[in-house]
Amino acid sequence: MGGRCDDVANIGDESLREWYERGSFLQAGINLDGSMFYIDKEPEEDSDDRKTYIFIHGFPTSSYDFKGVFDDERLRNDRLVTFDHLGFGFSSKPVDRCYSMNSHAEKVIQLLRHLDLTEEKIIWVAHDMGDSVLTELMSMVWSETTVISSPHIFDRVIFTNGGMYYKLISKRLAQRILINPTLGPIFTRFAPLKLKRAFGREQLASIWGSERRGGAEMHKHIDRIEMLNEFNGGDEILHKLCFYLVERSYMEERWFDTLTLSVMSGLEIKFLWGDDDAVAPSSIVDALTQTITWFEDQGEIVKLKGVGHFLMIEDCDRFVSEILEFDGATQQTSGRCIPKTLALPAL
C-alpha cells in the first residue's frame, strides 16, 4: 500500500482518485480551520418530485463510504450531498483543532449556506459518529443557537449504526486506546505505521457482519479507509478525532431531549441498523425507542439481518431500498406543535 501520501495523484487507488475528482472544497472560514471536501451531485433530469439527501459519515472513515449510494441509478434524479468532516478523508487535518461535535456541526451549517440549502427540505442519512454530528446539529437548530432557526430543513432523518446509547457501545480496543489521554497521543504519534495499519485492519474487520467478513470487498474497503486516514497525516490525529466518544457520554441527555422534541414535532425518524454489528449492537436501537417519547407511534425501525457496521457497503442495494421506502407511512401525528416550555438545555 506504500507510505503516507499528501498528493492525490500518488494515492494508489483509482476509485479514490475518481471520487476526489467528483468533489469540491469549501474553503476555510473566519476561524481558518481548513477546507472541507464535499460532493454535490445534481439530478441528471429535473423533476417536480426530486429530493435532496445529505449523507454524513462516521469514524474513522469518509464520504467515500457512500460511493455506492451515489452511483445507484434509483437516485439519479435526486440531489445528493456528502462531505468529509475536517480531519477525515480529503478534508484539511489541522493538528491543533478541537474536533468536537459542535465544531463538526458548525461546518455542516457553513456547507448548507454555501450550497444555498438553508431553506431546503432535506432527508438526512447519518452513520456512526455522523449520528452524533446530526443530533448535535438538530440540537443547535431547536435551541436556536445557530443561524439556521427553522427545523424544516429536517424533512426526514435516518440514523444508521452508531453509538447513540453510550453504555451499550461495545468499544473496540483501538477506541479504548485512542480515547485514553495518555495512550492515545503516544500510539498515534509514535507507533510504527506498519503496526498501526495491522492493528487498524484487525479492528475494522471485527465490525463487519460475520457473513461478509474476510471477503475481497471488505479488504479493499479497509485498504481505502487506511489510505484516506494516512492522507495528509491524518493517522497522527486519530486520538483527537475519537474525541466524539468522550462527548457522547456527557452530551447524551441533551441529544435524547432533541430526539424526543423532534418526534413530538412530527419529524419522521428511522433507525436503519445492521443487526450483526460488534461495536454498535442493535440493542442500542431497542434502548433508544424506549427512551424517545412517542417513537412507537410514528418512528420506524429496520434491522438488516446478517449485516454489520458498514451497512451501506455490505449491502448497498438494501441500504438504498430502505432509504427510498422511508415514505412517511408510519407518520401518525404530523404537524404536532411543541409547547414553548419544552426548550432544549443550552450547551
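Residues numbered from 1 in each chain as written. Predicted model: local features only at pLDDT ≥ 70, side-chain atom pairs only at ≥ 80, totals over all residues. Heavy atoms only, no water.

(A) Spatial organisation of the packing of aromatic side chains. Going through the model one piece at a time under the given rule, you end up with 20 aromatic pairs. Ring centres 5.7 Å apart and planes at 45 degrees place the aromatic pair F59 and Y244 in the tilted group. One end of the pair, F59, is in the loop between β3 (52–56) and α2 (67–70); the other, Y244, is in helix α10 (residues 243–264), with 185 residues separating them in the sequence. With a relative accessible area of 5%, Y244 lands in the buried category. (Phe/Tyr/Trp six-rings, centres within 6.5 Å; stacked < 30°, edge-to-face > 60°. Helix = DSSP H or I, 4+ residues; strand = E, 2+ residues; numbered from the N terminus. Buried < 20%, exposed > 50% of the residue type's maximum accessible area, 1.4 Å probe, protein only.)

(B) Structural view of the sheet that holds strand β5 (residues 122–127). Pairing is mixed across the open sheet formed by eight strands, whose spatial order is β1-β2-β4-β3-β5-β6-β7-β8. The open sheet has two free edges, formed respectively by β1 (24–26) and β8 (300–304), since each of these has just one partner strand. Direction aside, neighbouring strands of the sheet carry axes that sit 20 degrees apart on average. Alignment of β3 against strand β4 (residues 79–83), held across five bridges, turns out to be parallel. Bridge pairing in β4 places I56 opposite F83. Here helix α11 (residues 283–291) sits on the sheet and contacts β7 (268–274) and β8; the angle it forms with β7, its principal contact strand, is near 160 degrees. (Pairing = 2+ DSSP bridges. Axes fitted to C-alpha atoms, helices over the stretch in contact; angles between N-to-C directions. Contact = heavy atoms within 4.5 Å.)

(C) Quick look at unusual backbone geometry. Cis geometry marks the peptide bond from F59 to P60; its omega dihedral reads 0 degrees. Looking at the secondary structure, you find P60 in the loop between β3 and α2. Even without glycine at this site, N232 takes up a positive phi of about 55 degrees. Summarising the element assignment, N232 is placed in the loop between α8 (216–230) and α9 (238–241).

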